[in-house]
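Residue-level listing of the chains:
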Amino acid sequence: MGRIIKPVIVVVILLLVLAIPALAVVARSYILAPVAQPAKAQPIAFPHSIHVNVVGLDCTFCHRGATTQADSTVPALQLCMGCHAIIPTTDRPQLEKLVNAFNSGTPINWTRVHQLPDHVHFVHAMHINAGFNCATCHGDVASMAPGAVVQVRDLRMGDCITCHRENNAPTDCSTCHY
Amino acid sequence: MAHRWGMTIDLDLCTGCQACVVACQAENNIPINTEENFQQRRAIEWIRVERYWEGEFPNVKARYIPVPCMMCENAPCEPVCPVYASYHTDQGLNFQVYNRCIGTRYCSVNCHWHVRFFNFWEPKWPDSLKQQLNPLVAVRSRGVMEKCSFCIQRIDHAEQSAQLQGRDVKDGDFTTACAQACPTRAIVFGDLNNADSEVAKTVASTKRGYQLLADLGTNPAVVYLKKIDADPLPEDSKHKYFDSSQYTRVKETVAVG
């Protein structure tokens, strides 16, 4: 009996050890993938839907850096107050937070949704000027729930390289990594 | 035509002030070197100013040579990297990909100019300096080789700006941090393939150009201009071991590109 159990245990342990890298790859593709992460909590439940669908603003009206520089930039509260100074805040707790923050001079610490590693340098201006829509990477942000913007595209190196190859964009390492 | 970024360093103009070293340190988020680091020979300086003494006391002259990465055309550091972290870009830059590097340090062993540096520790800055870090340059973590990049962030930015404006990069659109900081304009940066650029003109016209360790045949993109000594030391007073002319071979014309 013992002569059978011993090799069986060895084989089982061996299979478990061999399964670790396979499981890691699977986890990286599914559980750990950026698109599989739940929406991050935001200090203010900002509704993109109202600003885009109801008011009809362009993405670049607020994210002004997107067409000219690397960062798309989150607008300063001053820009929000351009409109919100005359919009009543009664019974709108989210708006009240905005006005209070502006009046007290404290910036809002938004939680970053699309977080690339430090050694990756993405330049919004190049992609926008090459004719891509914001939605190509960011998805339909206007239809996302208030304060619940999620990442819809992988945006890891495989994703970037595939798109760069398809569009004849440079794939030299020094294009992004420095 | 693809760019070939290069540099000329006029040793006649260099005063050894180390402004280039400081500028590079600030631009490229290089960790602060302590005295201990220096004594261990683990200090990180993407550009350093080497000092040589010429002559015997009291007839001594100080000689300075700023040494950045030579950006060799046939770089000895590249073929030894097992993971292709050290590679050649299509613009002729010898480039280090930090996220590929596994820290074997073969490249630094194979570099004759000693311009590759290993991060032996996690880089640290005092709180007062954290806000001055350059957001355009990644901070290299422990276990990664790093080296002069010819300020690739500036190159990329200049190329992208030019592309957005629908033109090519012009000479003088940008320069490296060391060249920008040089008070005597001893360091000049530009495109060697562009015949109208200042560096290409200098390289084509100078009679005192030479490359450091040119005998190795790696064809560095950094061209030095020999010092003009108005008041040379008498031959017999020159130090027999530290005569800088022994280490520098002057060529009439320098083949670059």
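The structure presented is a predicted model; accordingly, all values stated were derived computationally and were not measured. (Residues numbered from 1 in each chain as written. Chains lettered and ligands numbered in written order. Predicted model: local features only at pLDDT ≥ 70, side-chain atom pairs only at ≥ 80, totals over all residues. Heavy atoms only, no water.)

**Q** How would you summarise the overall build of chain A if you had to cite specific residues and measurements?
**A** For chain A, the count of helices and strands is 9 helices and 0 strands. Counting helices and strands in the order they occur from the N terminus, chain A gives α-α-α-α-α-α-α-α-α. Since a compact globule built from 178 residues should have a radius of gyration of about 16 Å, the 23 Å found for chain A marks it as more spread out than a globular shape. Principal axes of the C-alpha set define a box for chain A whose edges measure 85 × 45 × 30 Å. Within chain A, counting contacts between residues at least 6 apart in sequence, those at least 24 apart form 62% of the total. Here chain A has roughly 12000 Å² of accessible surface; of this, 65% comes from carbon and sulfur atoms. (Helix = DSSP H or I, 4+ residues; strand = E, 2+ residues; numbered from the N terminus. Rg over C-alpha atoms; globule rule 2.2 N^0.38 Å. Contact = heavy atoms within 4.5 Å. Areas by Shrake-Rupley, 256 points an atom, 1.4 Å probe, with all protein chains shown as cover.)

**Q** Account for the nonpolar core, with residues named and values stated.
**A** Residues Phe150, Ile187 and Tyr224 of chain B are the most contacted members of the largest nonpolar core, which totals 64 residues. Beyond its immediate chain neighbours, meaning those up to four positions away, isoleucine 187 of chain B contacts Met7, Thr8, Ile9, Cys20, Ile47, Cys178, Ala179 and Cys182 of chain B. Counting residues in each nonpolar core, the second largest holds 8 residues, with Ile44, Leu77, Leu95 and Ile108 of chain A among its members. (Core = buried A, V, L, I, M, F, W, Y, C linked by side-chain atoms within 4.5 Å. Buried < 20%, exposed > 50% of the residue type's maximum accessible area, 1.4 Å probe, protein only.)

**Q** Got a sec to walk through the interface of chain B and chain A? Specific residues and values, please.
**A** Taken together, the contact between chain B and chain A spans 18 residues of the former and 14 residues of the latter. Between chain B and chain A the total buried area reaches about 1400 Å² when both faces are included, carbon and sulfur atoms providing 66% of it. For chain B, the biggest contributors to the area lost against chain A are Asn99, Gln160 and Leu164 of chain B; these three give 35% of the whole. Counting every contact that joins chain B to chain A gives 0 salt bridges. By residue number, the principal contributor to the side of chain B that touches chain A is helix H4 (residues 152–164) of chain B, which donates 6 residues. Across the side of chain B that touches chain A, the residue classes tally to 10 nonpolar, 5 polar and 3 charged. (Buried area = accessible area lost by both parts, 1.4 Å probe. Salt bridge = Lys/Arg side-chain N within 4 Å of Asp/Glu carboxyl O. Nonpolar A, V, L, I, M, F, W, Y, C, P; charged D, E, K, R; others polar.)

**Q** Run through the packing of aromatic side chains, naming residues and quoting values.
**A** Residue and element names in this part refer to chain A. Counting across every chain of the model gives 9 aromatic pairs over all chains. Considering the side-chain rings of phenylalanine 46 and tryptophan 110, the 6.4 Å spacing of their centres and the 85 degrees angle between planes classify their relative orientation as edge-to-face. Within this pair, whereas phenylalanine 46 is found in the loop between helix H1 (2–29) and helix H2 (48–54), its partner tryptophan 110 is found in the loop between helix H5 (93–104) and helix H6 (124–129), the two being separated by 64 residues in sequence. Relative accessible area serves as the criterion here: at 25%, phenylalanine 46 is assigned to the partly exposed category. What makes tryptophan 110 partly exposed here is its relative accessible area of 34%. (Phe/Tyr/Trp six-rings, centres within 6.5 Å; stacked < 30°, edge-to-face > 60°.)

**Q** Break down a nonpolar patch on the surface for me, with residues and values.
**A** Together, Ile4, Val8, Val12 and Leu16 of chain A line one region of the surface with nonpolar side chains, adding up to about 370 Å² of accessible area. Structurally, the position occupied by valine 8 of chain A is in helix H1. (Patch = residues over 30% accessible without salt bridge, like charges linked within 9 Å, V, L, I, M, F, W, Y side chains within 5 Å.)

**Q** Summarise the pattern of salt bridges; cite the residues concerned and give the values.
**A** All names here are of chain B. Under the counting rule described, the total for this entry stands at 14 salt bridges over all chains. Between aspartate 173 and arginine 167 there is a salt bridge, with its nearest N and O atoms 2.9 Å apart. On the basis of relative accessible area, aspartate 173 is assigned to the partly exposed category, the value being 28%. On the accessibility criterion, arginine 167 (29% relative accessible area) is partly exposed. Sharing partners across several salt bridges, the network here consists of Glu54, Lys61, Arg63 and Asp229.

**Q** Explain the side chain of asparagine 28 of chain B residue by residue, including any values.
**A** Considering the arrangement of structural elements, one finds asparagine 28 of chain B in the loop between helix H1 (19–27) and helix H2 (35–39). In contact with asparagine 28 of chain B, other than residues within four places in its own chain, are Trp46, Val137, Arg140, Ser149, Cys151 and Gln153 of chain B.

**Q** Could you give an account of H4 of chain B, with specific residues and numbers?
**A** All names here are of chain B. Between the first and last C-alpha of H4 there are 18 Å, a value that for 13 residues agrees with the 18 Å anticipated at 1.5 Å per step. Taken residue by residue, H4 has Ile152, Gln153, Arg154, Ile155, Asp156, Ala158, Glu159, Gln160 and Ala162 as its buried positions. Positive phi shows up at glycine 166, right after H4, with a value of about 70 degrees. (Expected span 1.5 Å × (residues − 1).)

**Q** Could you give me a rundown of the environment of tyrosine 64 of chain B, with the residues and numbers involved?
**A** Residues and elements named next belong to chain B. Position of tyrosine 64 relative to the elements: it lies in strand S3 (residues 61–67). Considering only alpha carbons, one finds tyrosine 64 and glutamate 78, 14 residues apart in sequence, at a separation of 28 Å. Each residue touching tyrosine 64, except ones within four places of it in the same chain, is listed here: Leu11, Cys14, Thr15, Gly16, Val49, Glu50 and Arg51.

**Q** Residue-level account of the sheet that holds strand S9 (residues 209–210) of chain B, with values.
**A** Residue and element names in this part refer to chain B. Taking strand neighbours across the sheet as the criterion, the 4 strands line up as S8-S1-S10-S9 in an open arrangement whose pairing is mixed. Every interior strand has two partners, whereas the edge strands, strand S8 (187–191) and S9, have only one. Alignment of strand S1 (residues 5–10) against strand S10 (residues 222–225), held across 4 bridges, turns out to be parallel. The residue of S10 that forms the bridge with isoleucine 9 is tyrosine 224. (Pairing = 2+ DSSP bridges.)

**Q** Would you mind going over the side chain of histidine 177 of chain A in detail, with residue names and values included?
**A** Position of histidine 177 of chain A among the secondary structure elements: in the segment after helix H9 (173–176). Given a relative accessible area of 11%, histidine 177 of chain A falls into the buried group. Polar contacts involving the side chain of histidine 177 of chain A include one to the side chain of asparagine 99 of chain B, which spans 3.5 Å. Here histidine 177 of chain A is in contact with His119, Val120 and Met157 of chain A together with Phe95, Val97 and Asn99 of chain B, once residues within four sequence places are set aside. (Polar contact = N/O pair within 3.5 Å; in protein donor to acceptor, adjacent residues only side chain to side chain.)

**Q** Outline unusual backbone geometry, listing residues and values.
**A** Residues and elements named next belong to chain B. A positive phi angle is found at tyrosine 84, which is not glycine, with a value near 55 degrees. With respect to the element layout, tyrosine 84 can be found in the loop between S3 and strand S4 (86–88). Among the residues examined, tyrosine 84 registers a relative accessible area of 60% and is labelled exposed. One non-glycine residue, arginine 105, lies in positive phi territory at about 65 degrees. Summarising the element assignment, arginine 105 is placed in the loop between strand S5 (94–96) and helix H3 (106–110). What makes arginine 105 partly exposed here is its relative accessible area of 36%.

**Q** Break down the confidence of the model for chain A for me, citing the residues and quoting the values.
**A** Taken residue by residue, chain A gives an average pLDDT of 92. The fraction at 70 or more is 99%. Here H1 of chain A stands out as the least confident element of chain A, with mean pLDDT 90; helix H8 (residues 157–166) of chain A is the most confident, with 95. (pLDDT = per-residue confidence, 0-100.)

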